[in-house]
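Chain and residue survey
Each chain, written out:
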Amino acid sequence: MAFRQETVQFKKDYYVDGNIVDGLMGPNWQIVYGRRGTGKTTTLYALKDRINTESNDLRSIAVYVDLTTCTPSDHGGSADIDAQRYAASLYFQDFIKKVCTELYESYTSADNRRLLRKLFARDGVNKDRAEDIILDILDVVENGRYIQTPSTKTVVHENVGADTASLGVSAGVEKALPTAKVNASLGGTETAKKTSSFTYVFTEAGKYRYLSEQLAQLIIVLKLDNIVILIDEWTSLDKSGKLEIQAIFAELLKRTLGPIRGLSVKISAIRGTSVFFR
């Protein structure tokens, strides 16, 4: 039985893995496909629990973001491509702030989420430098520092070839967001037929360059093997799957976080209405 995330928090004793979490433990970017109610959210929670409770050995930390909690943009299903790009950028901006909030709270929280503080205490960690990075991340959350207002225009585009990714095989995220399928049998691959990358995306992604550098430095300073970002409810960006919002968000995700060595993304999605390329 699958538990909905909004009604029940993850309860480890009630979760039957079936080796799915094991297949998601690698450094690759992966997508968990499944219909509603099949346990995608619970799987992401189980993965977060596995990574964060074993991080002393794995030297990793997991951050969970539910896209339904990101501030929606009133695009109204607009057919105007500029409106869709702007909407995707606003969603992405709020997503980045939530990632930063999770990281910051994992350092400052008074409960057992203070995972980063435990990592700070390890031998050989430059605590002062690590704390400076965390404060920069706080600036992103509280003041929007390093994040400029999304642009509302720019329509020039170019076509870029796509990659194919298999579970457990490096996917080359600098070229395309991989679409590794994970289901009950933990297997299979999908080939993205085509992807379009807009100059708008390059401009918007450039606004997060400093933040990307800080995240890369945090991984180095804390001697982490990996920061894993878990993204739930992908289709909430555009439930119809017919607009460009999901594809543009995916491009922003790839170009902002893809170049960071030691950072991976795991996404829960519904086949048919989830779009990662155009």
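Note that the structure is predicted; figures quoted are calculated from it, not measured.

**Some words on the pattern of salt bridges**
Here the structure, examined in full by the defined rule, presents six salt bridges. Across the salt bridge formed by E233 and R36, the nearest N and O atoms sit 3.3 Å from each other. Of this pair, E233 sits in the loop between β8 (226–232) and α9 (245–257) while R36 sits in the loop between β1 (30–33) and α2 (40–53), and the two are 197 residues apart along the sequence. The class for E233 is buried, based on a relative accessible area of 9%. One salt bridge in this structure joins K48 and E102, with 3.5 Å as the shortest N-O distance. Here the residue K48 occupies a position in helix α2, and E102 occupies one in helix α4 (residues 81–108), the gap between them amounting to 54 residues. Residue E102 is classed as partly exposed on the basis of its relative accessible area, which comes to 25%. Each of E251, K254 and R255 takes part in one network of salt bridges that share partners.

**So, the nonpolar core**
Counting 58 residues, the largest nonpolar core has F95, W234, L253 and L257 as its most contacted members. Of all the elements, α4 adds the most residues to this core, at ten residues. Beyond its immediate chain neighbours, meaning those up to four positions away, W234 contacts L67, Q246, F249, A250, L253, I267, S268, A269, S274, V275 and F276. Of all hydrophobic cores here, the second largest spans twelve residues; its members include V32, L47, A62 and V228.

**With respect to empty space enclosed by the protein**
Considering all chains together, one arrives at three cavities of 30 Å³ or more under this definition. Considered as a void within the structure, the second largest cavity measures approximately 70 Å³ in volume. Every residue lining the second largest cavity is counted, eleven residues in all, and those nearest its centre are R36, K40, E233, S268 and I270. Among the residues forming the lining of the second largest cavity, the class breakdown is three nonpolar, three polar and five charged.

**Section: the pairing of β8**
Counted residue by residue, β8 has seven buried out of seven residues, so it is predominantly covered. Side chains of β8 alternate between two faces, with N226, V228, L230 and D232 and I227, I229 and I231 buried alike. Summarising the sheet, strand β2 (residues 60–66) and β8 pair through seven bridges and their orientation is parallel. Within the sheet, the bridge partner assigned to V65 lies in β8 and is I231. The sheet contact formed by β8 and strand β9 (residues 263–269) spans five bridges and is parallel. If you follow I229 over to β9, its bridge partner there is V265. Chirality of the crossover, the property in question, places the unit of β8, α9 and β9 among those that are right-handed.

**Notes on helix α6 (residues 127–143)**
Over its 17 residues, α6 runs 24 Å from end to end, which matches the ideal 24 Å to within 8%, given 1.5 Å per residue. For α6, every residue scored as buried is listed here: A130, I133, I134, D136, I137, L138, D139 and V140. For α6, the elements touching its buried residues are α4, α5 (115–120) and α8 (209–221).

**Quick look at unusual backbone geometry**
Unusually for a residue other than glycine, K223 sits at a positive phi of about 55°. Here K223 is to be found in the loop between α8 and β8. Of note in the backbone geometry, E233 takes a positive phi value of approximately 60° without being a glycine.

**Things to note about the packing of aromatic side chains**
Enumeration according to the criterion identifies seven aromatic pairs in this entry. Each ring, one from F95 and one from F249, has its centre 5.6 Å from the other, and the planes form 65°; the classification is edge-to-face. Here F95, found in helix α4, pairs with F249, found in helix α9; they are 154 residues apart in sequence, far enough to count as distant. Each member of the pair F95 and F249 is classed as buried. Here the aromatic cluster, defined as three or more aromatic residues joined through ring pairs, consists of F92, F95, Y208, W234, F249 and F276.

**Describing the confidence of the model for the protein chain**
Here the protein chain averages 74 in pLDDT, and 67% of its residues register 70 or above. Counted against residues more than four places away or in other chains, residues 1–8, with its pLDDT under 50, gives 15 contacts. When the criterion is pLDDT under 50, residues 154–197 qualifies, and its contacts beyond four places in sequence or with other chains add up to 106 contacts.

**Topic: helix α7 (residues 199–206)**
Along an α-helix, residues three or four apart share an orientation, since each turn contains 3.6 residues. Of all the residues in α7, the buried ones are Y200, V201, E204 and A205. For α7, the arc enclosing every buried residue in end-on projection is 125°, short of the 170-degree limit, so these residues lie on one face.

Rules used throughout
- Here, residues in each chain are numbered from 1, in the same order as that chain's written sequence.
- Reporting in this predicted model follows two pLDDT cut-offs: at least 70 for local features of residues, and 80 or more for side-chain atom pairs to be given and counted; totals over whole chains, interfaces and linings ignore these cut-offs and use all residues.
- Hydrogen atoms and water are omitted, and side-chain values are computed over all heavy atoms in the structure.
- Salt-bridge detection follows one rule: a side-chain nitrogen of Lys or Arg within 4 Å of a carboxyl oxygen of Asp or Glu.
- Runs of E in the DSSP output that reach at least two residues are strands. Runs of H or I that reach at least four are helices, and both are numbered from the N terminus.
- Think of it in three bands: with a 1.4 Å probe and only protein chains considered, a residue is buried below 20% of the maximum accessible area for its type, exposed above 50%, and partly exposed in between.
- Take the buried residues of types Ala, Val, Leu, Ile, Met, Phe, Trp, Tyr and Cys, join any two whose side-chain atoms come within 4.5 Å, and each joined set is a nonpolar core.
- Contacts: residue pairs with any heavy atoms within 4.5 Å of one another.
- A cavity here means a set of points on a 1 Å grid, drawn over the protein atoms and nothing else, where a 1.4 Å probe fits but cannot get out; a pocket is an open set with protein on both sides within 12 Å along at least five of seven lines, and a residue lines either one if it has an atom within 4 Å of a point.
- Grid points are joined across faces, edges and corners, and a volume is the space filled by probe spheres set on the points.
- Residue polarity is assigned by list, with Asp, Glu, Lys and Arg as charged and Ala, Val, Leu, Ile, Met, Phe, Trp, Tyr, Cys and Pro as nonpolar; anything else, Gly included, falls into the polar class.
- A pair of strands is treated as paired once DSSP finds two or more bridges between them.
- A crossover counts as right-handed when, viewed with the strands pointing away from the observer, the path leading from the first strand over the helix to the second turns clockwise.
- Multiplying 1.5 Å by the helix residue count minus one yields the expected span of that helix.
- Stacked, tilted and edge-to-face are the three classes applied to pairs of Phe, Tyr and Trp rings, where Trp contributes its six-membered ring and a pair requires centres within 6.5 Å; stacked means planes under 30 degrees apart, edge-to-face means over 60, and tilted covers the rest.
- Here pLDDT means the predictor's own confidence in every residue, given as a number from 0 to 100.
- Relevant arc is that of directions from the helix axis to the C-beta atoms, nothing else.

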